[in-house]
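# Examination of the molecular architecture
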Amino acid sequence: MTATGSDRASAPTRVLVLNSGSSSVKYQLLDMADGARLATGLVERIGERSSLLRHTPAAGDARTREAPVADHGAALEAAAAELAADGLGLDSPRLAAVGHRVVHGGRRFTEPTRVDDDVLAEIERLVPLAPLHNPANLTGIRTARALNPRLPQVAVFDTAFHTTVPEHAARYAIDVATADEHRVRRYGFHGTSHAYVSRRTAELLGRDPSEVNVIVLHLGNGASASAVRGGVCVETSMGLTPLEGLVMGTRSGDVDPAVILHLSRVAGMSVDDIDTLLNKRSGLVGLCGDNDMREIRRRVDEGDEAAALAFDVYAHRLRKYVGAYYAVLGHVDAIAFTAGVGENSAPVREAATAGLAGLGIEVDPVRNAARAAVPRLISPEGSRVAVAVVPTDEELEIARQTFALVDEG
Ligand code: ADP
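What you see is a predicted model; the values in this text were computed from it and never measured.

Moving on, we come to the layout of surface pockets. Counted as a void, the second largest pocket has a volume near 480 Å³. Along its surface, the second largest pocket is lined by 25 residues, and T110, P112, F161, A195 and Q401 are the ones closest to its centre. Secondary structure elements with two or more residues in the lining of the second largest pocket: strand 8 (153-157), helix 7 (191-204), strand 11 (232-236) and helix 16 (394-407). Take the lining of the second largest pocket: its biggest share by element is 5 residues, from helix 7. Here the lining of the second largest pocket is built from residues that sort into 13 nonpolar, 8 polar and 4 charged.

So this is what it looks like as structure tokens:
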């Protein structure tokens, strides 16, 4: 597929979405005129001896390449070269903008934001709050800018959807001066997914988002819950960092903060040791050695006790949050499961809602077991609270928000 003369005459409707993670860059090129995905790609193991680049154009075969890719800048250059080879390069006149996922937007960035030097400086100022992610996001933005300085760059923040969480839910009950000096508060993450899924859930119910209250359970390798009242987020489970809240693949979620003091004093562990323990060696992997829910269920079915306990701890935490967010919202129209585990694991959905019939929350076993890649209800006909599976699409949401910003001028 190559850009032609007639292409040049039409208004730009394409958005390149870039998600620069700590050791990977994912990208998708979407056309907002019809929602078509023109190309997707991934550069993994950045900075290691051999990196992997996989580029999949909609029209043509996937291309995979192994080569050293030194840093995020080089990764994006390699991705841009692949896109250019398909006539979809960053200089294409049909490209309207690049939309960048940026993990931490602090309190300032409540909406998608067109990038300029001030915005870059502010994202830089937030690096201490997201030391692994914001630097990678910044490199992605700077490289994309250098590749085509005329192209609008838009930052879409993981935290933005949660900036509406009221102060009494965002504040930790610690000394105010200390908290404020060090910007310690609940920020929440996965906001793009929570925004998209809560809106899609309202659509599934045939209602306007402003009319419905939804509990969203984003259960991937990272996991978070949110309470969304009439389209506005009022509570979320991740906090200052993505460590708080639900049990995750490798993260503990909630623990007594004194666990850290205890391990430091009694076990002599350093701050870095405890950081690694809670972020990388906890959660499902810490409890049973596996973080893939498919493998855990296989082990449970074989009678493995550690896997069964890990599953139960995971499900118990979920039920606790559903109950808490029910109380926060007062009235719940729907509970939506999304991301890798939420979309695919019927046993998790069953266990997370078990025993909640008194709250009007029930799951129909046949509907729950059915598989489909589209939003669907799994609660019985006529039940008080709709329970739904709603596949997330963070790239589409980033593209949508980016295009809405540049399209309005
Ligand atoms: P990330 O947080 O990395 O974006 P995903 O949303 O892709 O993660 O979720 C990844 C997780 O989803 C895997 O670790 C695995 O536990 C779970 N998962 C994926 N497919 C299935 C499946 N068919 N059944 C149960 N769990 C699944």
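Moving on, we get to the site of the ligand. Inspection of the region around the ligand gives G220, N221, G222, N291, D292, M293, R294, A339, G340, V341, N344 and S345 as its neighbouring residues. For the ligand, an oxygen atom lies 3.4 Å from a polar atom in the backbone of G222. Residue M293 places a main-chain N or O atom 2.8 Å away from an oxygen atom belonging to the ligand. Elements with a minimum of two residues in the shell around the ligand: helix 11 (293-301) and helix 13 (339-344). With 4 residues, helix 13 is the largest single contributor of residues to the shell around the ligand. Of the residues belonging to the shell around the ligand, the class tally is 3 nonpolar, 7 polar and 2 charged.

Moving on, we come to the pattern of salt bridges. As enumerated under the stated definition, the model contains 29 salt bridges in all. One salt bridge in this structure joins R125 and E122, with 3.3 Å as the shortest N-O distance. Linking R125 with E122, this pair stays in helix 3 (residues 117-125), spanning 3 residues, or about one helical turn. Overall, the relative accessible area of 47% leaves R125 in the partly exposed class. Under the relative-accessibility criterion, E122 is labelled buried at 13%. We note a salt bridge from D301 to R297, for which the minimum N-O separation is 3.7 Å. You can see D301 and its partner R297 sitting in helix 11, 4 residues apart, about one turn around the helix.

This part covers the side chain of T113. Of note, T113 is situated in strand 7 (residues 113-114). By relative accessible area, which is 18% here, T113 ends up buried. At 2.8 Å, the side chain of T113 forms a polar contact with the backbone oxygen of E111. Once residues within four sequence positions are removed from consideration, T113 is found in contact with V119, Q153, V154, A155, F157 and L405.

This part covers the packing of helix 12 (residues 305-329) against helix 14 (residues 346-353). Close contact between helix 12 and helix 14 brings their axes to 8 Å; oriented N to C, the two are set at 50°. Here helix 12 lies oblique to helix 14, going by the angle between them. Note that helix 12 runs across helix 14; the crossing there is right-handed. Here F311, Y314, A315, L318, R319 and V322 of helix 12 come into contact with helix 14, specifically with P347, V348, A351, A352 and T353.

Here we come to the pairing of strand 1 (residues 14-20). Counting buried residues along strand 1, 7 of its 7 residues qualify, which places the element largely inside the surrounding structure. As paired elements, strand 1 and strand 2 (residues 25-31) share 7 bridges and run antiparallel to each other. When the bridges of strand 2 are listed, S20 appears paired with V25. In textbook terms, the turn of a hairpin is the stretch between consecutive antiparallel strands, and for strand 1 and strand 2 this stretch comprises 4 residues.

If you look at the biggest cluster of nonpolar residues, it comprises 44 residues, and the most contacted ones within it are L217, L219, Y314 and I335. Of all the secondary-structure elements, those providing two or more residues to this core are strand 9 (213-219), strand 10 (223-229), helix 10 (283-288), helix 11, helix 12, strand 12 (334-338), helix 14 and strand 14 (386-389). Top contributing element to this core by residue count: helix 12, with 11 residues. Aside from chain neighbours lying at most four places away, what touches L219 is L246, Y314, L318, F337, T338, A339, G340, V341, G342 and V348. Listed in part, the 22 residues of the second largest apolar core include L16, A79, L90 and L151.

Cut-offs applied
- Residues numbered from 1 in each chain as written.
- Predicted model: local features only at pLDDT ≥ 70, side-chain atom pairs only at ≥ 80, totals over all residues.
- Heavy atoms only, no water.
- 1 Å grid on protein atoms, 1.4 Å probe; cavity = no way out; pocket = protein on both sides within 12 Å on 5 of 7 lines; lining within 4 Å.
- Points joined across faces, edges and corners; volume = space filled by probe spheres on them.
- Helix = DSSP H or I, 4+ residues; strand = E, 2+ residues; numbered from the N terminus.
- Nonpolar A, V, L, I, M, F, W, Y, C, P; charged D, E, K, R; others polar.
- Near = heavy atom within 4 Å.
- Polar contact = N/O pair within 3.5 Å; in protein donor to acceptor, adjacent residues only side chain to side chain.
- Salt bridge = Lys/Arg side-chain N within 4 Å of Asp/Glu carboxyl O.
- Buried < 20%, exposed > 50% of the residue type's maximum accessible area, 1.4 Å probe, protein only.
- Contact = heavy atoms within 4.5 Å.
- Axes fitted to C-alpha atoms, helices over the stretch in contact; angles between N-to-C directions.
- Parallel < 35°, antiparallel > 145°, perpendicular 65-115°, else oblique.
- Left-handed = near helix turned anticlockwise from the far one by under 90°.
- Pairing = 2+ DSSP bridges.
- Core = buried A, V, L, I, M, F, W, Y, C linked by side-chain atoms within 4.5 Å.

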